[in-house]
Each structure stands twice: as C-alpha cells, then as structure tokens.
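Coordinate analysis (summary)
Each chain, written out:
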Amino acid sequence: MAEWLEHSVQVEVPVPIEEVWKLWSDLEQMPRWMQWIDSVHILEDDPSLSRWRLASRSFEFSWLSRMLRVIPHQIIQWESVDGLPNRGAVRFYDRHGESIVRLTVAYAIPGIVGKLMDNLFLGRVVESTIQADMDRFREYALNHQASQS
C-alpha cells in the first residue's frame, strides 16, 4: 500500500501574470529551473499528455502525466497516468504587475519505503528542493523579462 506525501511552496515573482503564465506553461522548458527534472516532452498525438523524467545522482524515475485542468493565468492541474505516481497543481495569482506562483505536489511512496525512511526528513528534502526550484523560476522569469526589454 502506498503512502501519499504532499508539499506546497510559493514564490512572489515581480513579473506580470501573463508573462509568468507563458513561461510556466511551456512545460518543456521546466528543466531550466527544476533541478531534478531532466526532461519533459509533450506528446504530439495528444498535447494533454507529457512524458517526464526525473533524475538525480543515484535514482531516475519517469512518468506520463495528463493535464486535468488548465485555466489560463489561474491553474494547471495534473496527475500521472503511469510511472511514478504523482499529482498536483500550480496556481497563479495576479498582484497588479507582479505574480504569486503556488506549487502543490503530491507523490506516492511504497508503504515499506515510508516505514524504512523518516518521512519528515524526506519531506524536508523534497520541500526545500521544490522551494529552490521556485526561487530559480523567479530568477528565470526576471532574466527573461530583462532580455525582452
């Protein structure tokens, strides 16, 4: 039996929501700011599906993800349909020329792994990693905006 762990982080981005949405919704660019994401490929025959590859020093996972809900400038929600069990949403909040991006990610770990590992330690590692990814996204958005000026 699997145990689901969930983490939410957010970042304030001093860039208009339209630009933040455009950058984030280009999923294939995510490896530019997400440390463990090695690649993302949108399936040509079904753009609601994407193949993800997560890689770090000693492990590698892949999964196929389906977009469940996309509302421009508001939310992208997904769930995996094979491979690493995960689901989540990224929400966008317009703050009059600035944006807040809130990422929630949930993933399943096998019950035996959860018993062998300290879930609090695993949770802290994952949460600090995705917070660092969000901070890199803020820098990515700022650099992109500066290059457009």
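Before going into details, it helps to say that this report is about the structure given with it. (Residues numbered from 1 in each chain as written. Predicted model: local features only at pLDDT ≥ 70, side-chain atom pairs only at ≥ 80, totals over all residues. Heavy atoms only, no water.)

1. As for the overall build of the protein chain
- Check the secondary structure of the protein chain and you find three helices and seven strands.
- Along the protein chain, helices (α) and strands (β) appear in the sequence β-α-β-β-β-β-β-β-α-α when read from the amino end.
- Across the 149 residues in the protein chain, those meeting the buried criterion constitute 38%.
- Expressed as a percentage of contacts within the protein chain between residues at least 6 apart in sequence, the contacts between residues at least 24 apart total 48%.
- With an accessible surface of roughly 8600 Å², the protein chain has 52% of that area assigned to carbon and sulfur atoms. (Helix = DSSP H or I, 4+ residues; strand = E, 2+ residues; numbered from the N terminus. Buried < 20%, exposed > 50% of the residue type's maximum accessible area, 1.4 Å probe, protein only. Contact = heavy atoms within 4.5 Å. Areas by Shrake-Rupley, 256 points an atom, 1.4 Å probe, with all protein chains shown as cover.)

2. Some remarks on the pattern of salt bridges
- By the definition in use, this model includes seven salt bridges.
- A salt bridge links E60 to R53; the shortest N-O distance between them is 2.6 Å.
- Through salt bridges with shared partners, a single ionic network connects D38, R53 and E60. (Salt bridge = Lys/Arg side-chain N within 4 Å of Asp/Glu carboxyl O.)

3. Focus on the nonpolar core
- Core analysis: the largest hydrophobic core is formed by 34 residues, its most contacted members being V13, W24, M30, F92, V101, L103 and F137.
- Elements that contribute at least two residues to this core include exactly strand 1 (2–13), helix 1 (17–24), strand 2 (37–42), strand 3 (49–55), strand 5 (75–83), strand 6 (86–94), strand 7 (99–110) and helix 3 (119–148).
- Considering each element in turn, this core owes the most residues, six residues, to helix 3.
- Beyond its immediate chain neighbours, meaning those up to four positions away, L103 contacts H7, S8, V9, W24, M34, W78, A89, V90 and M134. (Core = buried A, V, L, I, M, F, W, Y, C linked by side-chain atoms within 4.5 Å.)

4. With respect to helix 1
- Buried residues dominate helix 1, accounting for six of its eight residues.
- Taken together, the buried positions of helix 1 are occupied by I17, E19, V20, W21, L23 and W24.

5. Points about the packing of aromatic side chains
- On inspection of all chains with the given rule, the structure shows eight aromatic pairs.
- Between W24 and F137 the ring centres are 4.9 Å apart and the planes differ by 75°, which places this aromatic pair in the edge-to-face class. Here F137 lies in helix 3 and W24 lies in helix 1, a separation of 113 residues in the sequence.
- Arranged with centres 5.0 Å apart and planes meeting at 40°, the rings of W33 and Y140 form a pair that is tilted. (Phe/Tyr/Trp six-rings, centres within 6.5 Å; stacked < 30°, edge-to-face > 60°.)

6. Examining the side chain of S39
- Note on placement: S39 falls in strand 2.
- With residues near it in sequence (within four places) discarded, S39 still touches P31, R51, W52 and R53.

7. Details of the side chain of S50
- In this structure, S50 sits in strand 3.
- One polar contact links S50 to W52, side chain to side chain, over a distance of 2.7 Å.
- With near-sequence residues (within four places) excluded, S50 lies in contact with L27, V40, H41, I42, L43, W63, L64 and S65. (Polar contact = N/O pair within 3.5 Å; in protein donor to acceptor, adjacent residues only side chain to side chain.)

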